[in-house]
Amino acid sequence: MLIGFFPSLMALAPELCLFTTSRLGGKSCGAFESLNLGENIGDDPRAVRENRSKVLSTLKISPDRIVSSNQSHGSRIAVVERGAKLKGFDGFATGKSGIATIVSTADCYPVILYSPPERALISLHVGRRGAKAGIIDNAVKLMKDVFKADLRYSIAAIGPGICYRCYSVSRGEGMEFPASARKMVDGSLHLDIKAFIIQSLVMRGLDNKNIIDSNLCTSCTPQLFYSYRRDRGCTGRHWTIALIDRPWGMRERLLDG
Ligand SMILES: [Zn+2]
């Protein structure tokens, strides 16, 4: 159900708890089978409620400590100190322990920035439009200006998203991005959003060795992940959950089991 896809984070930032859900272990049926966490996308609301409460109780996270948003493929990041259900934000920043940020995806990339000295966490939903709108730049600026972080020590973790081989785009969409993010695959134009994310982070001061890539493609891995593109829009959503500090021993137990 939960994928702890960043073992190296345990060494770099043991206080950071970070998980992405897979599609396994839930109650939803059909195209949403089975751990769909997205609401208002055609799935049975009761199944979604059960799925959500299963994830939160497994992680011992109280629902009033979560921060989420309807997400709008924009570049706005909310600075939060308590649980909230927001509108129109695609990123959350917090320095508070125990506040769980939730990014919902099914091809877009969940991107987590964390600066250990300041204990500053920024969670982002990054797709083509958000990347183009500058959400990575906004996050890096926020890390520097609000949290006073030295980016050389900041860590970035990139969760499951659609790989460039699976992501063909129109010429107009492709040309909005630098040549380094454009790839030709079998004669058609493809976009490498992950390469763009990594390049943006490095250009703005992050150290390449502090950028951790899950190397998981949502579209290439139907047994584990939903993919909006592959499933032609009729599909579920995963959560990437990040919080600073966690109940003692929880991560060890999850990895064991
Ligand atoms: Zn792929």
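Note that the structure is predicted; figures quoted are calculated from it, not measured. (Residues numbered from 1 in each chain as written. Predicted model: local features only at pLDDT ≥ 70, side-chain atom pairs only at ≥ 80, totals over all residues.)

**Student:** What exactly am I supposed to notice about the overall build of the protein here?
**Tutor:** Broken down by element type, the protein carries seven helices and 14 strands. Against the globule reference of 18 Å for 257 residues, the protein gives a C-alpha radius of gyration of 17 Å, in line with a compact fold. With the C-alpha coordinates aligned to their principal axes, the bounding extent of the protein is approximately 50 × 45 × 35 Å. Here the protein holds 257 residues, and the buried ones make up 43% of them. Partitioning the contacts of the protein with sequence separation of at least 6, the portion at a separation of at least 24 is 61%. (Helix = DSSP H or I, 4+ residues; strand = E, 2+ residues; numbered from the N terminus. Rg over C-alpha atoms; globule rule 2.2 N^0.38 Å. Buried ≥ 20, exposed ≤ 12 C-beta atoms within 10 Å, placed from the backbone. Contact = placed C-beta atoms within 7 Å.)

**Student:** Help me out: how do you make sense of the pairing of strand β3 (residues 66-69) in this one?
**Tutor:** In regular strands, side chains alternate between the two faces of the sheet. Of the pairings in the sheet, the one linking β3 to strand β7 (residues 100-105) comprises two bridges and is parallel in character. Across the sheet, the residue bridging to Ile66 is Ala100, located in β7. Sheet topology note: the β3/strand β5 (residues 84-86) ladder contains three bridges and is parallel. By the bridge assignment, Val67 is partnered in β5 with Ala84. (Pairing = 2+ DSSP bridges.)

**Student:** How should I be thinking about the sheet that holds strand β4 (residues 77-79) in this particular structure?
**Tutor:** Neighbouring strands of a sheet are bound in pairs by backbone hydrogen bonds; such pairs are parallel or else antiparallel. On the basis of which strands lie adjacent, the open sheet formed by six strands has the order β4-β6-β9-β8-β10-β13 and mixed pairing. For this open sheet the edge positions go to β4 and β13 (211-213), each flanked by a neighbour on one side alone. Neighbour to neighbour, the strand axes of the sheet diverge by 15° on average, direction disregarded. Lying over the sheet, helix α4 (residues 135-145) contacts β4, β6 (91-94), β8 (109-115) and β9 (120-126), oriented at roughly 175° with respect to β9. Sheet strands in contact with helix α6 (residues 193-203) are β8, β9, β10 (155-158) and β13, and its direction is about 20° off that of β8. (Axes fitted to C-alpha atoms, helices over the stretch in contact; angles between N-to-C directions.)

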